[in-house]
Protein chains: 2
Amino acid sequence: MKTDVCEMFGIEFPIFAFSHCRDVVAAVTNAGGLGVLGAVAYSPERLEEELAWIDRATNGRPYGVDVLVPGKIDASAREGGDPLAAVPAEHWKFLTHLFEKYGVPAPELGRGANADKAARSGSRAVTGSGATELIDVSLNHGIRLIASALGTPPPIMVEKAKAAGVPVAALVGTVEHAARQVAAGVDLIVAQGGEAGGHTGEISTMVLVPQVVDAVAPIPVLAAGGIATGRQVAASIALGASGVWCGSVWLTTEEAETPSTVKAKMLAATAKDTIRSRSRTGKPARQLQSAWTAEWEGPDSPGALPMPLQMIVAEAAMRHLVKHAENGNEGATQLVNYFVGQVVGLMNTVKPAKQVVYDMVEEFADSVDRLSALTAQD
Amino acid sequence: MKTDVCEMFGIEFPIFAFSHCRDVVAAVTNAGGLGVLGAVAYSPERLEEELAWIDRATNGRPYGVDVLVPGKIDASAREGGDPLAAVPAEHWKFLTHLFEKYGVPAPELGRGANADKAARSGSRAVTGSGATELIDVSLNHGIRLIASALGTPPPIMVEKAKAAGVPVAALVGTVEHAARQVAAGVDLIVAQGGEAGGHTGEISTMVLVPQVVDAVAPIPVLAAGGIATGRQVAASIALGASGVWCGSVWLTTEEAETPSTVKAKMLAATAKDTIRSRSRTGKPARQLQSAWTAEWEGPDSPGALPMPLQMIVAEAAMRHLVKHAENGNEGATQLVNYFVGQVVGLMNTVKPAKQVVYDMVEEFADSVDRLSALTAQD
């Protein structure tokens, strides 16, 4: 199962695991893949702690970090602005109404001491200087990959990474974007189909991957979107990819940070139960359908705000809702959701992350054996 | 490349070609695949002629027929109704306005001698008795497969086919539908991802195929949606499919019936240039984006009608528009479109249908060799 990216990163299996949970990152790296920590929600201080933990847990094995550097964000969130103040009152009012409708005790939202610090820091991470701080922290640790989750990585990211000898990856949803990423100096392209969780376009993995592979050769391409099993890994490599980038599948692992109410929803969900919605970040992102996504599409909705304002609104509400859902509040349980791809329909059991990797490798081999037998007959 | 469906149908390659064009059907069958004629637009008399032609052209080699038997259609189109009369005046008025806006000479629409006979017969084919007539005609010819393009095949179709010893196939877009099809007695399942052209759901091929394969085993499954190259065939089989069902890729072949203005649009289109829209049939169907799909989503649109009323409206207009587009009318050229999947982004050259089959087979072998080499190293 060794492809060119295995050589490039010194890994055994070309399985890249995107996760916000350090335990998943370390488990996949230690199982022979490459864990990538999603850093956007962290302050520089917190990221420092997480990476120090991962360094210890992985003992020199390769892992990476993913930062979100969107091309377009709301003007209020640029340097010196106050994105929290830019959230219209009607959006806080809509949340208050939502909490009332679903019988969830409402917090004081968006004001004074209750203004959510974590939401502020999350929105700050998507600005240029915020992301640069996260990049600096990351490059001071043992990372072997830095990825840009949305849009072309800024020159400063590519320069700093190259100076540190760390390869840069970027996610793309169209073949046109891939060409731009290559021009920006990216070393690895993640071609992510519209079935993926999180920020995605609409072109499916099956169509996108071969097009991107042909467009950026000889730069290696990882397939993302719709991949949770070894058959899907084999299919990705059959399409020309050098490996896979998976995010959703780790959310129902033993190690995952996923709240138990959300995990239960994911285990029960079918492939039909996701939706591309702007309701969590302001940009279209695939996530579990829930009362939350329905209400933001509903008649009372003030509409999603641009990034990162919608992130401030949504994350403040979600943290609160998760807390109440975990305490058994029924309305909160109806509302909570999380980013996940259509493969949620294949995520039906809780396993250790290591086991997910091993199962993928085993099923991959079976799938390739089956294919090889077909050509051997001819 | 021989799978169980090759045995089942006596074919060399597990490549099934859905086309409304008899030349494509015959070419694929003669190249070692299995051509399937989309019969919905034909009157029983016309279908009789087409199948007689295919019988002669294929000389006993296997081919099939596809009929459209939707579960839900507008009440007016059921037995004894008058669907043409059920089309609201405002829909004809919208078309008249559209023709004027785009500078296309308007026909008299939806009335008297100008009421479109072909549209009537097309809408008739989707009713129970209309479809039954097409099934009867088909079973009097050398068909080796009968497929139901939308919804569970009616008992009469399964009974008649079984009595004639002809396997029945059905298209599904969710794993739940697949279970219903199996209960209805279907012999072959086509798992069609949301990236496909025509009537589709939203679940991608990469996610749908392994789920359906597991759910209906040992009934064989063909993958559909996003498949135009040998790498995609290899990926489909890696996912567990026994073969592929392709529709879009034939539309830009030499033999295709596609009007030259539409063919030119397809050759130029990227994977982003399709949309799932109700504007041609009343049910969500993926097609080329054009002024037509934009106008039906626009502020002046009266909204799409239920099937088959929207088919009557759209087909009457499209036939007229294609005629004018082919004569160089610019507005008509902006409006014309056709059903096609996201793989339109990979359809960039005109080839004979036979060559498409051979290219798929060759690229399939290369893709499998590459995969086999990866496992051989381990």
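Residues numbered from 1 in each chain as written. Chains lettered and ligands numbered in written order. Predicted model: local features only at pLDDT ≥ 70, side-chain atom pairs only at ≥ 80, totals over all residues. Heavy atoms only, no water.

### A look at the overall build of chain A
Inclusion rule: To qualify as a helix, a DSSP run of H or I must reach at least 4 residues; to qualify as a strand, a run of E must reach at least 2; elements of each kind are numbered from the N terminus. Radius of gyration here uses only the C-alpha atoms, and the compact-globule reference equals 2.2 Å multiplied by the residue count raised to the power 0.38. A simple rule labels every residue: compare its accessible area, found with a 1.4 Å probe on the protein chains alone, to the largest value its type can have, and call it buried under 20%, exposed over 50%, or partly exposed in between.
Scanning chain A from N- to C-terminus turns up 16 helices and 11 strands. For 378 residues, the compact-globule formula gives about 21 Å, and the C-alpha radius of gyration of chain A, at 20 Å, lands near that figure. Its C-alpha atoms give chain A principal-axis dimensions of about 65 × 45 × 40 Å. When the 378 residues of chain A are sorted by exposure, 60% land in the buried category.

### So, the relation of the copies chain B and chain A
Inclusion rule: Superposing the copies works by least squares over the C-alpha atoms of residues that have pLDDT at least 70 in both of them. We call two residues contacting when some pair of their heavy atoms lies within 4.5 Å.
Once chain B has been moved 0.0 Å along the axis and rotated by 180°, it coincides with chain A to within an RMSD of 0.0 Å. Expressed as an axis order, the relation between the two copies is that of a two-fold axis. Relative to the rotation axis, the closest C-alpha in chain B is found at Ala235 of chain B, a distance of 1.9 Å. Most of the interface of chain B is mirrored in chain A, where 100% of its interface residues are also at the interface.

### Things to note about helix 14 (residues 309-326) of chain A
Rules: Helix span is expected to be 1.5 Å times the residue number reduced by one.
The terminal C-alpha atoms of helix 14 of chain A lie 26 Å apart, and with 18 residues this matches the ideal 26 Å at 1.5 Å per residue to within 8%. Within two residues after helix 14 of chain A, Gly328 of chain A carries a phi angle of roughly 95°, on the positive side.

### Digging into the domain arrangement of chain A
Residue and element names in this part refer to chain A. Using the following cut-off: Residue ranges assigned to the domains are those given by an automatic or database domain assignment. The term buried area denotes the loss of accessible surface (1.4 Å probe radius) that occurs when two parts are joined, taken as the sum for both partners. Salt bridge criterion: a side-chain nitrogen from Lys or Arg within 4 Å of a carboxyl oxygen from Asp or Glu. Counted as a polar contact is a pair of N or O atoms within 3.5 Å, where, for protein atoms, one must be capable of donating a hydrogen and the other of accepting one, and residues adjacent in sequence contribute only when both atoms are in side chains. Residue type decides the class: Asp, Glu, Lys and Arg count as charged, Ala, Val, Leu, Ile, Met, Phe, Trp, Tyr, Cys and Pro as nonpolar, and the leftover types, Gly among them, as polar.
Under the domain assignment used here, chain A contains domain 1 (4-73 + 126-254 + 355-377) and domain 2 (89-116 + 258-335). Taking only C-alpha atoms, the centre of domain 1 and the centre of domain 2 are 27 Å apart. Counting the surface lost from both domain 1 and domain 2, the interface buries some 1200 Å², and carbon and sulfur atoms represent 59% of this. Its largest share of buried area at the contact with domain 2, domain 1 owes to His199, Leu251 and Thr252, together 37% of the area lost on that side. Counting across the interface, domain 1 meets domain 2 through 1 salt bridge. In this structure, Glu202 and Arg276 form a salt bridge, with 3.8 Å as the shortest nitrogen-oxygen distance. If you look at where domain 1 meets domain 2, you find 7 residue pairs in polar contact (both at pLDDT 80 or more). Looking at the side of domain 1 that touches domain 2, its residues break down into 7 nonpolar, 8 polar and 4 charged.

### What to know about the pattern of salt bridges
For side chains bearing opposite charge, pairing can occur when the charged atoms are close. Counted according to the given criterion, the structure contains 22 salt bridges over all chains. A salt bridge links Asp359 of chain B to Lys351 of chain B; the nearest nitrogen and oxygen atoms lie 2.7 Å apart. Relative accessible area serves as the criterion here: at 26%, Asp359 of chain B is assigned to the partly exposed category. Via salt bridges that share partners, Arg22, Arg46 and Glu50 of chain A belong to a single interconnected network.

### A short note on the sheet that holds strand 5 (residues 168-172) of chain A
Residues and elements named next belong to chain A. For clarity, the threshold we go by: Strand pairing is defined by DSSP finding a minimum of two bridges between the two strands. To get an axis, a line is fitted to the C-alpha atoms, and for a helix only the part in contact is used. The angle between two axes follows their N-to-C directions and goes from 0 to 180 degrees.
Taken in spatial order, the 8 strands line up as 1-2-3-4-5-6-8-9 and close into a barrel, and their pairing is parallel. Each adjacent strand pair in this sheet contributes to an overall mean axis angle of 25°, direction not counted. The sheet contact formed by strand 5 and strand 6 (residues 188-192) spans 4 bridges and is parallel. The partner of Val172 across the bridge, within strand 6, is Ala191. Sitting on the sheet, helix 3 (residues 44-58) is in contact with strand 2 (34-38) and strand 3 (63-67), with an inclination near 160° to strand 3.

### What to know about the environment of Ser138 of chain B
All names here are of chain B. Looking at the secondary structure, you find Ser138 in helix 7 (residues 128-139). As a C-alpha pair, Ser138 and Ala39 span 99 residues in sequence and 9.2 Å in three-dimensional space. Among residues more than four places away in sequence, those in contact with Ser138 are Leu47, Leu51, Val65 and Ile143. One polar contact links the side chain of Ser138 to the main-chain carbonyl oxygen of Leu134, over a distance of 2.7 Å.

### Brief notes about the packing of helix 11 (residues 230-238) of chain A against helix 10 (residues 205-216) of chain B
Condition: When an angle is under 35 degrees it counts as roughly parallel; over 145 it counts as roughly antiparallel; between 65 and 115 it counts as roughly perpendicular; any other value is oblique. Less than a right angle of anticlockwise turn of the near helix away from the far helix marks a crossing as left-handed, whereas a clockwise turn marks it as right-handed.
One way to put it is that helix 11 of chain A packs onto helix 10 of chain B with a least axis distance of 10 Å and a crossing angle of 135°. In terms of their interaxial angle, helix 11 of chain A and helix 10 of chain B are classed as oblique. The way helix 11 of chain A lies across helix 10 of chain B gives a crossing that is right-handed. Here Arg231, Gln232, Ala235 and Ser236 of chain A of helix 11 of chain A lie close against helix 10 of chain B, whose contacting residues are Met206, Val207, Pro210, Val213 and Asp214 of chain B. For the contact of helix 11 of chain A with helix 10 of chain B, the residue count by class is 5 nonpolar, 2 polar and 2 charged.

### What to know about the nonpolar core
Quick note on the threshold: Joining through side-chain atoms within 4.5 Å is the link that ties buried Ala, Val, Leu, Ile, Met, Phe, Trp, Tyr and Cys residues into a set, and such a set is a nonpolar core.
By size, the foremost hydrophobic cluster in this structure holds 219 residues, and its most contacted members are Trp250 of chain A together with Trp250 of chain B. Dropping the residues within four chain positions of it, Trp250 of chain B is found in contact with Ile15, Ala17, Phe18, Val24, Val28, Ala256, Ala353, Val356 and Val357 of chain B.

### Overview of the sheet that holds strand 9 (residues 243-246) of chain B
All names here are of chain B. The strand order 1-2-3-4-5-6-8-9 describes a closed barrel built from 8 strands, whose pairing is parallel. Adjacent strand axes in the sheet meet at a mean angle of 25° when their direction is disregarded. In the packing of helix 9 (residues 175-183) onto the sheet, the strands contacted are strand 5 (168-172) and strand 6 (188-192), and the crossing angle to strand 5 comes to about 160°.

### Brief notes about the packing of aromatic side chains
Residue and element names in this part refer to chain A. For clarity, the cut-off: Within 6.5 Å between ring centres, the rings of Phe, Tyr and Trp (the latter by its six-membered ring) count as paired, and their orientation is classed by plane angle as stacked under 30 degrees, edge-to-face over 60, tilted in between. Think of it as a cone above the ring: NZ of Lys or CZ of Arg counts as a charge over the ring if it is within 6 Å of the ring centre and within 35 degrees of the ring normal.
Summed over all chains, the structure comprises 10 aromatic pairs over all chains. Judged by centre distance (5.5 Å) and plane angle (80°), the ring pair of Phe9 and Phe16 falls under edge-to-face. Side by side, Phe9 and Phe16 carry an identical accessibility label, which is buried. Plain terms: the ring middles of Trp292 and Trp296 are 5.5 Å apart, the flat faces sit at 55° to each other, and that makes the pair tilted. On the criterion of helical spacing, the pair formed by Trp292 and Trp296 is a turn pair, its members being 4 residues apart in helix 13 (residues 291-297). Each member of the pair Trp292 and Trp296 is classed as buried. An aromatic cluster of at least three residues, connected via ring pairs, comprises Phe94, Trp292 and Trp296. Across from the ring centre of Phe339, 5.0 Å away, lies the NZ or CZ of Arg280, which sits over that ring.

### Digging into helix 11 of chain A
Among the 9 residues in helix 11 of chain A, 9 count as buried, and that is most of the element. A positive backbone phi angle near 115° is found at Gly240 of chain A, which sits one or two residues after helix 11 of chain A.

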